[in-house]
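This is what each chain is made of:
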Amino acid sequence: MNDNEPLKFLVILNEKDDFAEILRHLEKARWRHRICRIVRFSDLKDALRHSSWDFVLADPDLKNMSVPRVLSLLRQKFPDVPVLMLGGHIGEERAADLITRGAWEYILKDNLSRLIPAIERCRRARGRRQARMTEDRKLRQSEERLRLALGASRTSAWEWDIVNGKIHIPAEWQPLGRASRGTTDLARILQLIHPDDRLLVMLHLGRALRRPRPVTATFRLTYPDGRTRKVAIEAQPHFDAQGRPVRMVGLIEDISDRHSATATIQLRRAADIVNSTQEGIVVTDAQGVILAVNRAACEITGFAEEELIGDSMRLINSNRHDMTFFRQIFDVIATDGFWQGEIWNRRKSGEMFPALMTISTLQGGNGDIATYVGTFVDMTRIKQPEQQLQHLAHHDPLTDLPNRLLLLSRLDHAIDRTARDDRCGALLTLGLDRFTNVNDNLGHPTGDMLLQMVALRLRARLRESDTLARLGGDEFAVLLEGIADAGDAATVAQSLVDEVAKPFTMPNGACLYIGISIGISLFPDDGDDTPSVVQNSDAALHQAKSAGGGRFRFYTEQMTVAANARATLEAQLRQGVESHEFFLDYQPQVSLRDHRMTGVEALVRWRNPATGLIPPAQFIPLAEETGLVGPLGTWILEQACRQMRGWLDAGVTLDVMTVNLSAVQFRQPAFAETVAAILADSGLSPGCLELDITESGLMELGHGSEATLEGLKTLGVRLAIDDFGTGCSSLAYLRRLRIDKLKVDQSFIRDIPGDSSAVEIATAVVALGRTLHVEVQAEGVETEDQRDALRRLGCTTAQGFLFDRPLPPSLLAERWFPRTGPR
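Please read these numbers as outputs of a predicted model, since none were measured by experiment.

Enquirer: Looking at this structure, how should I read the overall build of the protein?
Expert: Helix and strand content of the protein: 29 helices and 32 strands. By the burial criterion, 47% of the 823 residues in the protein qualify as buried. Long-range contacts, defined as pairs at least 24 residues apart, comprise 61% of the intrachain contacts of the protein with a sequence gap of at least 6.

Have a look at this one:
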């Protein structure tokens, strides 16, 4: 690219809007540029045939072209032209595939602010590639001159092309013979090296690939005819601009005829050095099968040499690192040629130990990795004091809890994660009430013991993922991550208040009573940085202390009131379930043909002794959230089935008892078996029980609910979809579920017959019912005009205040059972 010429962009995109957005960003960069948009493969071939391009911008989801074919053509025509992919969220695996096929970078369309920096990076990378090509050309010329100079000598020049895995040695060099044709590979050379020298040679080569220092080595070559010759090599590794080894160039000489005795002694000494070093050395093939080890590797791991050779490196794997960790290691090796870092391994005894490890590679003839050479040092003795010091620096010495320094560090990370994941977090600052009296009257040793007991109690009430810290004195803190809302923080805070309010029994038998006050600051709502969150939590703690202690306060008073109300309602709900404060009313379901009551719907009611009747819309969602809907729903089913059995035994003509179900109940294990047991206990025929689930609840469950629904149908229970028309049901899905009834939501009934749209919706639902051969029932019927219109449309049953409100069993019997219609 010439800086004085305009940049030429070839754009392969489907949408004009995306092209316009790219133009806008290029204009902002103030570059001189030319741009061409392509939408067909034939146009792409023409563009590549008649012009050269500086950059290619392409969509990974092309409508009229195969993306792999496009990338293949671009690599063939212009291998050095950067290709940037601009698309949506396609996942790491596909993005990696595009990079493998020749794309330089992947940029999200909804984050095109990264486009200009990406183009700048590619310009620099392309310049480095061109500079490297120039350097390679000069290097080849230099090597040719060296080869000519050494042509008549017993010493020959050799070159190892690390990128392609080829080793070039003049064909006339006698030890290899003319069969080599001047080129061989690393595997061939390794086969010729004497087995006792092979580990040392690979160690020399591996170290040379990590730093630009000359390498010298002498070793024995063993030929097919059994002859052994001694050779010496000297070489200099060469690295690219990124520090990656690309070739090694040097001299090789057959020195068998001179200094043979001295050389043999030196070789043995080198082998002894390898075996006496304190560093463990392991050599594996490309699949991780161990080929050679030294004595230190056996001593460190506890395995004998024969146990290690032929086995996999998994033999010493500690399983403390996941696959992501090892993928990162091999990514670094692929880029830099080696990796160095800390890793946990396993001894034969099962003990885990930390090791400082270096892994290098040697390539085979086809350019692939032939062997890995790993050296490692046992860091157990080094790590133990270091870990102890780290622990003391970040933990409270009295309770062994994280201290303020570690808490603030974790809070920093939690705020960052919350911003990325769009979740909520909370910091709870805890202050003990009346703790000063304990220290003043009973002494600091008793106070310290009490603090330790408080820490144990608090820890027991928290999740493993929560952080409990001691800030100093009588103050603690709790860091909650991944909570849904302020209600979750309030629930945790109240449980901590209740726990600390219990008496503490000291070793001498004395009972101590203290309390705890808690201030809560939510992030990011109350602050998006650590100082703000801590300050607001402290302020809320002060409010809790000022209010008398033994309670919690949110930083925002409005949230405090709402959270207190929710916590109170939850406590009352739990108490209500245990104290049987719930009862059932029943609302008639009426036939629109003859006005006969065909069934009733059981509706749960809650009469709290302190506050009176609490609306279902207020407590049902809370019951689902807390899991109380499970025992409550079972109780409702039991009561409704017994009541229906009682009415039938009394001679009442009634077809069905309808009970509403929550999606949470459907998720309960063996829910169909629970229903079967309740029916058997009450003696009610399954055909007399109709279970309602809302359309939105059914869609929320998805296809995972089909087995439960099928189990209920096998029992003979009727199934109805409530609030039909408010969800997004698939008609094929409904047909497959064998539904018995569709209940039209009252939001559509309310405007009948005056609103033509409402009438059309009701007509469509009735027609759908006929198609599926299911009954259609209207909900919320309040006027005679609505009843008459629904009857004309073909709706079979209805329910609503026009017929009657929900009634207690006795009043329902009085008003409906003596005759077929209401009084």
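Enquirer: Could you clarify how one ought to interpret the sheet that holds strand β17 (residues 424-433) in this entry?
Expert: Sheet strands associate in pairs through backbone hydrogen bonding, adopting either a parallel or an antiparallel arrangement. Strand order in the open sheet made by the 5 strands is β18-β19-β17-β22-β23, with mixed pairing throughout. Two strands in the sheet have a free side with no partner beyond their single neighbour: β18 (467-472) and β23 (552-554). When the angles between neighbouring strand axes are averaged without regard to direction, this sheet yields 20 degrees. Across 5 bridges, the pairing between β18 and strand β19 (residues 475-483) is antiparallel. Paired with G472 across the bridge in β19 is E475. Where helix α13 (residues 404-421) meets the sheet, it contacts β17, β18, β19 and β22 (515-523), and its direction lies at approximately 20 degrees from that of β19.

Enquirer: Can you help me understand the environment of P117 in this one?
Expert: Among the secondary structure elements, P117 is positioned in helix α5 (residues 115-149). Residue classification places P117 among the partly exposed positions, given a relative accessible area of 37%. Along the chain, P117 and A29 lie 88 residues apart, while their C-alpha atoms are 9.8 Å from each other.

Enquirer: Can you walk me through α13 in this structure?
Expert: Each full turn of the α-helix corresponds to 3.6 residues, which orients residues three or four apart in the same direction. The first and last C-alpha atoms of α13 sit 25 Å apart over 18 residues, in line with the 26 Å expected at 1.5 Å per residue. Taken as a whole, α13 has its buried residues at L406, L407, L411, A414, I415 and T418. In the segment just after α13, D422 is the residue with positive phi, at about 55 degrees.

Enquirer: Mind showing me how you'd approach the sheet that holds strand β2 (residues 33-38) here?
Expert: With respect to topology, 5 strands assemble into an open sheet ordered β2-β1-β3-β4-β5, the strand pairing being parallel. If you trace the sheet from one side to the other, it starts and ends with β2 and β5 (105-108), each paired once. Going across the sheet, the axis of each strand differs from the next one's by a mean of 20 degrees, ignoring polarity. Alignment of strand β1 (residues 7-12) against strand β3 (residues 55-58), held across 4 bridges, turns out to be parallel. By the bridge assignment for β3, L10 is matched with V56.

Enquirer: Looking at this model, I keep getting lost on the packing of helix α20 (residues 629-649) against helix α22 (residues 671-682). Mind explaining?
Expert: Packed helices, taken two at a time, are described by the angle between their axes plus the distance between the axes. Axis separation between α20 and α22 bottoms out at 9 Å; the angle between their running directions is 35 degrees. Between α20 and α22 lies a crossing of right-handed hand. Every residue of α22 that contacts α20 at T634, L637, E638, C641, R642 and R645 is listed here: F671, V675, I678, L679, D681 and S682. A per-class count over the contact of α20 with α22 returns 6 nonpolar, 2 polar and 4 charged.

Enquirer: For this particular structure, what's the right way to read the nonpolar core?
Expert: Side chains that are nonpolar tend, in soluble globular proteins, to be buried together. Among the nonpolar cores identified, the biggest contains 75 residues, and L637, M657, V659, L689 and L691 are the most heavily contacted of them. Excluding its chain neighbours within four sequence positions, the residues that come into contact with M657 are Y586, V600, A602, A640, M644, W647, C688, L689 and E690. The next biggest cluster of nonpolar side chains, apart from the first, holds 37 residues, and it includes C424, A426, L432 and F476.

Enquirer: How should I be thinking about the pairing of β5 in this particular structure?
Expert: Across a regular strand the side chains alternate sides, sitting on one face of the sheet and then on the other. Bridge count for strand β4 (residues 83-87) against β5 is 4 bridges, and the pairing is parallel. Across the sheet, residue L86 finds its bridge partner in β5, namely I107. Read from β4 through helix α4 (residues 92-100) to β5, the crossover connection turns out right-handed.

Enquirer: It is not clear to me how the packing of α13 against helix α17 (residues 530-546) should be interpreted in this structure. Could you clarify?
Expert: Packing of α13 against α17 leaves a shortest axis separation of 10 Å and a crossing angle of 110 degrees. Looking at the two axes, α13 sits roughly perpendicular to α17. Crossing of α13 over α17 shows right-handed handedness. Residue-level inspection shows L408, L411, D412 and I415 of α13 in contact with α17, the latter providing T530, V533 and V534. Classifying every residue of the contact of α13 with α17 gives 5 nonpolar, 1 polar and 1 charged.

Enquirer: Would you mind showing me how to read the side chain of K8 here?
Expert: Take K8: it is sitting in strand β1. E5 provides the closest opposite charge to the buried, salt-bridge-free K8, at an N-O distance of 5.3 Å. Filtering out sequence-adjacent residues up to four positions away, K8 remains in contact with R34, S52, W53, D54 and F55.

Enquirer: What is the right way to look at the packing of aromatic side chains in this model?
Expert: With the rule as written, the count across this model stands at 10 aromatic pairs. Ring centres 5.4 Å apart and planes at 80 degrees place the aromatic pair F325 and F326 in the edge-to-face group. Each ring, one from F330 and one from Y372, has its centre 5.7 Å from the other, and the planes form 75 degrees; the classification is edge-to-face. You can see F330 sitting in helix α11 (residues 323-336) and its partner Y372 sitting in strand β16 (residues 369-378), a full 42 residues away along the chain. Residue classification places Y372 among the buried positions, given a relative accessible area of 13%. Joined through ring pairs, the aromatic side chains of F325, F326 and W339 make up one cluster. Seen from the ring of W344, R320 lies directly overhead, with NZ or CZ sitting 4.0 Å from the centre.

Enquirer: It is not clear to me how unusual backbone geometry should be interpreted in this structure. Could you clarify?
Expert: Here the bond from F523 into P524 is cis, since omega is 15 degrees, no more than 30 degrees from zero. Tracing the chain through its elements places P524 in the loop between β22 and α17. Here I752 and P753 are connected by a cis peptide whose omega angle stands at 5 degrees. Checked against the element boundaries, P753 lands in the loop between α26 (746-749) and α27 (756-772). Phi at H580 is positive, roughly 60 degrees, even though this residue is not glycine. With respect to the helices, strands and loops of the structure, H580 is situated in the loop between α18 (557-579) and β24 (582-591). Here H580 falls in the exposed class, since its relative accessible area comes to 61%.

Rules and cut-offs
- Throughout, residues of each chain are indexed from 1 in the direction in which the sequence is written.
- Predicted model: local features are reported for residues with pLDDT of at least 70 only, side-chain atom pairs are reported and counted for 80 or more only, and whole-chain, interface and lining totals are derived from all residues.
- Think of the side-chain values as coming from all heavy atoms in the structure, minus any hydrogens and water.
- To qualify as a helix, a DSSP run of H or I must reach at least 4 residues; to qualify as a strand, a run of E must reach at least 2; elements of each kind are numbered from the N terminus.
- A 1.4 Å probe rolled over the protein chains alone gives each residue an accessible area, and that area as a share of the maximum for its type sets the label: buried under 20%, exposed over 50%, partly exposed in between.
- Pairs of residues are marked as contacts when any of their non-hydrogen atoms sit within 4.5 Å.
- Pairing between strands is defined by DSSP: at least two bridges between them are needed.
- Each axis is a line fitted through C-alpha atoms, taken for helices only over the stretch in contact, and angles between the N-to-C directions span 0 to 180 degrees.
- One less than the residue count of a helix, multiplied by 1.5 Å, gives the span that helix is expected to have.
- Handedness of each helix crossing follows the sense of rotation of the near helix against the far helix: counterclockwise by less than a right angle gives left-handed, clockwise gives right-handed.
- Only Asp, Glu, Lys and Arg are considered charged, only Ala, Val, Leu, Ile, Met, Phe, Trp, Tyr, Cys and Pro nonpolar, and every remaining residue, Gly among them, polar.
- Joining through side-chain atoms within 4.5 Å is the link that ties buried Ala, Val, Leu, Ile, Met, Phe, Trp, Tyr and Cys residues into a set, and such a set is a nonpolar core.
- A right-handed crossover is one whose linking path, passing over the helix from the first strand to the second, runs clockwise when the strands point away from the viewer.
- In this scheme, roughly parallel covers angles under 35 degrees and roughly antiparallel covers those over 145, while 65 to 115 is roughly perpendicular and the rest are oblique.
- For the purpose of counting charges, residues Lys and Arg are taken to be positive, whereas Asp and Glu are taken to be negative. His and the chain ends are not included.
- Any carboxyl oxygen of Asp or Glu within 4 Å of a side-chain nitrogen of Lys or Arg constitutes a salt bridge here.
- Each aromatic pair joins two rings of Phe, Tyr and Trp (for Trp, the six-membered one) with centres within 6.5 Å, and gets the label stacked for planes under 30 degrees apart, edge-to-face for over 60, and tilted for any other angle.
- Put simply, a charge is over a ring when the Lys NZ or the Arg CZ is close to the ring centre, within 6 Å, and near the line of the ring normal, within 35 degrees.

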